[in-house]
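Secondary and tertiary structure notes
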2 protein chains.
Amino acid sequence: MPGEFDLIRKYFSGHDGSSRVELGIGDDCALLKLRRDESLAITTDTLNEGIHFFKDTDPYLLGYRSLLVNLSDLAAMGADPMAFTLSLSLPEATDSFLKPFAKGLFELADEEGCALIGGNTSKGPLSITISAYGVSCADTLRRSGAKSGDGIYVTGSLGLCALYVEAGYGRLKVDKSLLSSLCYKSMHQPCRCAFAKELCDLEYSRCAIDISDGIVGDLGHILECSNVGADLWLDKLPLADELHSLIKEEQKRLELAAFGGCDYELLFTLPSETEDDVMDLCEEHDVPVTKVGIITSSQELRLFNHGKIVRPAAKPFEHF
Amino acid sequence: MPGEFDLIRKYFSGHDGSSRVELGIGDDCALLKLRRDESLAITTDTLNEGIHFFKDTDPYLLGYRSLLVNLSDLAAMGADPMAFTLSLSLPEATDSFLKPFAKGLFELADEEGCALIGGNTSKGPLSITISAYGVSCADTLRRSGAKSGDGIYVTGSLGLCALYVEAGYGRLKVDKSLLSSLCYKSMHQPCRCAFAKELCDLEYSRCAIDISDGIVGDLGHILECSNVGADLWLDKLPLADELHSLIKEEQKRLELAAFGGCDYELLFTLPSETEDDVMDLCEEHDVPVTKVGIITSSQELRLFNHGKIVRPAAKPFEHF
C-alpha cells in the first residue's frame with residue numbers, strides 16, 4: 001500500500017493555489033492571508049459511513065458532498081469560499097476509492113475557487129472531516145438577524161435527502177435505478193455560495209442559516225438567536241418533485257420536507273418590501289427561491305397548512 | 001441520550017473568548033479577525049481508536065493529546081495558538097467519556113489561550129479531528145529554511161511514545177502500573193508553542209518541524225524541503241529515561257528514539273554561532289534542548305553512532 005505522502009501527492013496535490021494562500025500543502029501548517037477589514041469564516045463537518053451515508057456510496061458523491069456540506073455553512077454566513085483542509089480516515093487506501101473521491105471533491109472545490117491547503121489521511125473506519133475557510137465581509141448573515149415582519153425564504157427544494165434515506169432503509173420501495181438516481185440528486189446538491197454572497201451584499205439582508213436539521217429545526221435556531229417567532233406555511237414549502245411522484249399521502253410529504261435533514265438549501269429572512277430585489281437576484285443566478293412564511297413578534301413557531309394551524313408531527317433531526 | 005446541542009452546551013461551551021475571535025460557537029461559522037501583517041497558520045490532525053491510541057485510553061489523556069498534536073504543528077511554524085475546532089465521533093455520548101475528555105482538552109486549551117470556536121459531534125467509531133489556528137508573523141519557521149553548517153537541535157526527550165506502544169502491544173513486559181505511567185507520560189507531553197514563538201522571534205531562526213514520524217523521518221522532510229543533507233549523531237539523541245531503565249540493548253533504544261513516532265518535540269536548525277543565545281532561551285523557558293547533528297551540503301542523511309556511520313535499521317513511521 002502506498003505511504004501517506006505518496007497518497008497526498010498522487011490524488012490531492014495541485015489544487016492549493018489561490019491569491020490568499022500564502023503557503024499550501026507541504027509544511028507543518030498552511031498559511032492564509034486576509035485583506036484589511038476581512039474576517040475569516042470557519043466551519044467544520046464530518047461524514048461517517050453508516051451514519052451520514054450508506055455503506056458503498058459512490059466515492060465520487062462522497063467527495064463532492066463532504067465539501068458541499070461545509071460550503072453550505074459558508075453560504076449561510078455569506079462568506080466566499082477560499083480554502084479547506086481534509087481529514088480522511090479509510091480502511092484501505094485504494095485507487096478505486098481515492099480516484100473518484102478526489103474527482104468529486106475537486107469538481108466542487110475548483111468550481112468554487114476553494115484550495116486544498118492541508119489535511120491528513122489515516123487508517124480507520126471510513127470518515128471524512130473537512131474544515132472550510134471563507135472570506136467574510138463586515139456584515140455577515142447571522143442567525144440573530146431576523147426581525148418581526150421579515151419574510152422567510154428558502155432556495156431550491158426540500159425533502160429529497162429524507163426521501164432517499166427512506167428508500168435506502170427500504171421503508172419506501174423503489175427499484176435500483178431509481179434508488180441510484182435519488183442518491184445522486186440528494187448528494188450532488190447545488191452550492192449556494194455565489195448566491196449567498198450577493199444576498200449578503202444587499203444592505204438589508206442580515207439573516208440566514210443552511211438547512212441541515214430540517215427547515216423546522218433550522219428556523220427554530222433563527223428564532224432562538226433572533227428572539228422572535230414565526231409562522232411557517234407548510235403548504236408553500238417547495239417540495240422536491242420526487243416527493244410528489246413517490247409519496248401519496250400529503251402528511252408524509254410534508255413531514256419529509258419540513259423535518260427531513262440534509263437539504264443544504266439556504267433559509268433566509270428579508271424585509272418583505274425588498275422582495276422584488278431578491279427575486280431579481282434569484283433570476284440572475286437561476287436559483288429558485290420560495291417565500292414560506294413570516295417572522296412574528298410572538299416568540300413561538302406556528303406551523304400552518306392551508307391557513308390552519310397544525311401541530312408538529314416529528315422532531316427536528318439530531319445527530320445523537 | 002442528550003441531543004447534540006445539549007452536549008455542546010454542557011461540555012464544550014464557555015471557552016470561546018479571545019480578542020481575535022469575532023464570533024464563536026453558535027452560528028453556521030465562527031469568525032476570526034487578524035491584525036495587519038499577520039497570517040493565519042492552519043493545521044489539522046486526527047486520532048482514531050485502535051490506530052493512534054489503544055482502546056479504553058483515559059478520555060482525559062485523549063482530550064489533552066488531540067489538541068497537543070495540533071498545537072505541536074503550530075509550534076513547528078512558530079505560530080501563536082489562537083483557536084481550534086473539534087470534530088468528535090463517538091459510539092455513545094456518555095458523561096463518563098465527555099467530562100474527562102473536556103477536562104483534558106481545556107486544560108491545554110486554556111493554558112495556551114486557544115479558544116474552541118466550533119465543531120460537530122456525531123455517532124461513529126471513536127475518532128477525534130481537531131483543526132487548530134495560530135497567528136503567524138512575517139517570518140515563520142519553515143521546513144525549507146535549513147542551511148549547510150546549521151546545528152540540528154531537538155527539545156525534550158525521544159522514544160517514550162514508541163516505548164509505550166511496545167508495552168501496549170505486549171512486546172515489552174511491564175506491570176499494569178508502569179504501563180499506566182508510560183501511557184500518561186507519553187500522551188501528556190509538554191506543549192512547545194511558547195518556546196517556539198520566541199525561537200521564531202530570533203532573527204536567524206528559520207527552520208523547524210515537529211517530530212511526529214520519528215526524528216530520522218522528520219529530519220528527512222527538512223532535508224528534502226531545504227535541499228541539503230545532514231549528519232545525525234544517534235549517540236547524542238536525548239533518550240527518555242525509561243528507555244535506559246527498560247531496554248537493555250543499545251541498538252533497540254536507538255531504534256525507538258530515532259524511528260519511533262509521536263514524540264511531538266521540536267526539531268530545529270540554527271547557525272552554530274548562535275548556540276549561546278538559544279541556550280539562554282532554553283534556560284529561560286526551562287526547555288531542555290540537545291544538539292544532535294549538523295546540516296551538510298552533501299544531499300544525504302548520514303547516521304553516526306560514536307563517530308561511526310551506521311545504516312538505518314528501520315523505516316520512518318507512516319500512517320498507512
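Our structure is the block above this text.
Here we summarise the structure given alongside this text. No experiment lies behind these values; they were computed from the predicted model shown.

Cut-offs and rules
- Residues numbered from 1 in each chain as written.
- Chains lettered and ligands numbered in written order.
- Predicted model: local features only at pLDDT ≥ 70, side-chain atom pairs only at ≥ 80, totals over all residues.
- Heavy atoms only, no water.
- Helix = DSSP H or I, 4+ residues; strand = E, 2+ residues; numbered from the N terminus.
- Least-squares fit on C-alpha atoms with pLDDT ≥ 70 in both.
- Contact = heavy atoms within 4.5 Å.
- Patch = residues over 30% accessible without salt bridge, like charges linked within 9 Å, V, L, I, M, F, W, Y side chains within 5 Å.
- Areas by Shrake-Rupley, 256 points an atom, 1.4 Å probe, with all protein chains shown as cover.
- Salt bridge = Lys/Arg side-chain N within 4 Å of Asp/Glu carboxyl O.
- Lys, Arg positive; Asp, Glu negative; His and termini not counted.
- Charge placed at Lys NZ, Arg CZ, Asp CG, Glu CD.
- Pairing = 2+ DSSP bridges.
- Axes fitted to C-alpha atoms, helices over the stretch in contact; angles between N-to-C directions.
- Buried < 20%, exposed > 50% of the residue type's maximum accessible area, 1.4 Å probe, protein only.
- Buried area = accessible area lost by both parts, 1.4 Å probe.
- Polar contact = N/O pair within 3.5 Å; in protein donor to acceptor, adjacent residues only side chain to side chain.
- Nonpolar A, V, L, I, M, F, W, Y, C, P; charged D, E, K, R; others polar.
- Parallel < 35°, antiparallel > 145°, perpendicular 65-115°, else oblique.
- Left-handed = near helix turned anticlockwise from the far one by under 90°.
- Disulfide = S-S within 2.5 Å.

Moving on, we get to unusual backbone geometry. Positive phi outside glycine occurs at A:N227, with the angle close to 60°. Secondary-structure assignment places A:N227 in the loop between α7 (215–226) and β9 (229–233). For B:C262, which is not a glycine, the phi torsion comes out positive at approximately 70°. Here B:C262 lies in the loop between α9 (250–259) and β10 (266–271).

What follows is about the relation of the copies chain B and chain A. Superposing chain B onto chain A takes a rotation of 180° combined with a translation of 0.0 Å along the rotation axis, leaving an RMSD of 0.0 Å. Both chain copies can therefore be described as sitting about a two-fold axis. Here 100% of the interface residues in chain B have copies in chain A that are interface residues too; the copies meet face to matching face.

Here we take up a negative patch on the surface. A surface patch of negative charge is lined by A:E198, A:D276, A:D277, A:D280, A:E283, A:E284 and A:D286. Mapped onto the elements of the fold, A:D286 is located in the loop between α10 (275–285) and β11 (289–296).

As a further point, take the sheet that holds strand β11 (residues 289–296) of chain B. Residue and element names in this part refer to chain B. One open sheet accounts for seven strands, arranged β8-β10-β7-β11-β9-β12-β13; its pairing is mixed. Edge positions in the sheet fall to β8 (207–210) and β13 (308–310), since each has one partner strand and no second. Taking the axes of each pair of neighbouring strands and ignoring which way they run, one obtains an average angle of 30° across the sheet. Looking at chain direction, strand β9 (residues 229–233) and strand β12 (residues 301–305) are connected through four bridges and run parallel.

When you line up the elements, B:L74 lands in helix α2 (residues 59–77). When the C-alpha atoms of B:L74 and B:L141 are compared, they prove to be 9.8 Å apart, with 67 residues separating the residues in sequence. Beyond its immediate sequence surroundings of up to four residues, B:L74 is in contact with A:C29, B:A41, B:T43, B:A79, B:P81, B:A132, B:Y133 and B:G134.

All names here are of chain B. By the alternation rule, side chains of β8 split into C207 and I209 and A208 and D210, which are all buried. Pairing geometry for β8 and β10, over four bridges, is antiparallel. Its bridge partner being in β10, I209 is matched across the sheet by L267.

Tallying the contact residues gives 67 residues for chain B and 67 residues for chain A. Buried area between chain B and chain A, summed over both chains or domains, comes out near 5,100 Å², and the portion from carbon and sulfur atoms is 55%. Run the count over chain B and chain A and you get six salt bridges. For the pair chain B and chain A, the interface holds 30 residue pairs in polar contact (both at pLDDT 80 or more). With nine residues, strand β3 (residues 39–48) of chain B is the single largest residue contributor to the side of chain B that touches chain A. Looking at the side of chain B that touches chain A, its residues break down into 27 nonpolar, 22 polar and 18 charged. Here strand β2 (residues 30–32) of chain A runs beside β3(B); their pairing, made up of three bridges, is antiparallel. From the neighbouring strand, A:L32 faces β3(B), where its bridge partner is B:L40.

Residue and element names in this part refer to chain A. It is the contact of helix α6 (residues 193–201) with α10, at a shortest axis distance of 11 Å, that shows an interaxial angle of 150°. The angle between α6 and α10 places the two elements in the roughly antiparallel class. Note that α6 runs across α10; the crossing there is right-handed. On α10, the residues touching A194, F195, E198 and L199 of α6 are V278, L281, C282, E284 and H285. Counted by class, the contact of α6 with α10 contains six nonpolar, one polar and two charged residues.

Turning our eyes to something else, we now look at the state of the cysteines. Residue and element names in this part refer to chain A. All told, the structure shown has zero disulfides over all chains when counted by the stated rule. Unpaired in this structure, C262 has its nearest cysteine sulfur neighbour in C161, at a distance of 4.6 Å. The exposure class assigned to C262 is buried, which follows from its relative accessible area of 16%. Of the cysteine sulfurs around C282, a residue in no disulfide, the closest is that of C200, at 15 Å.

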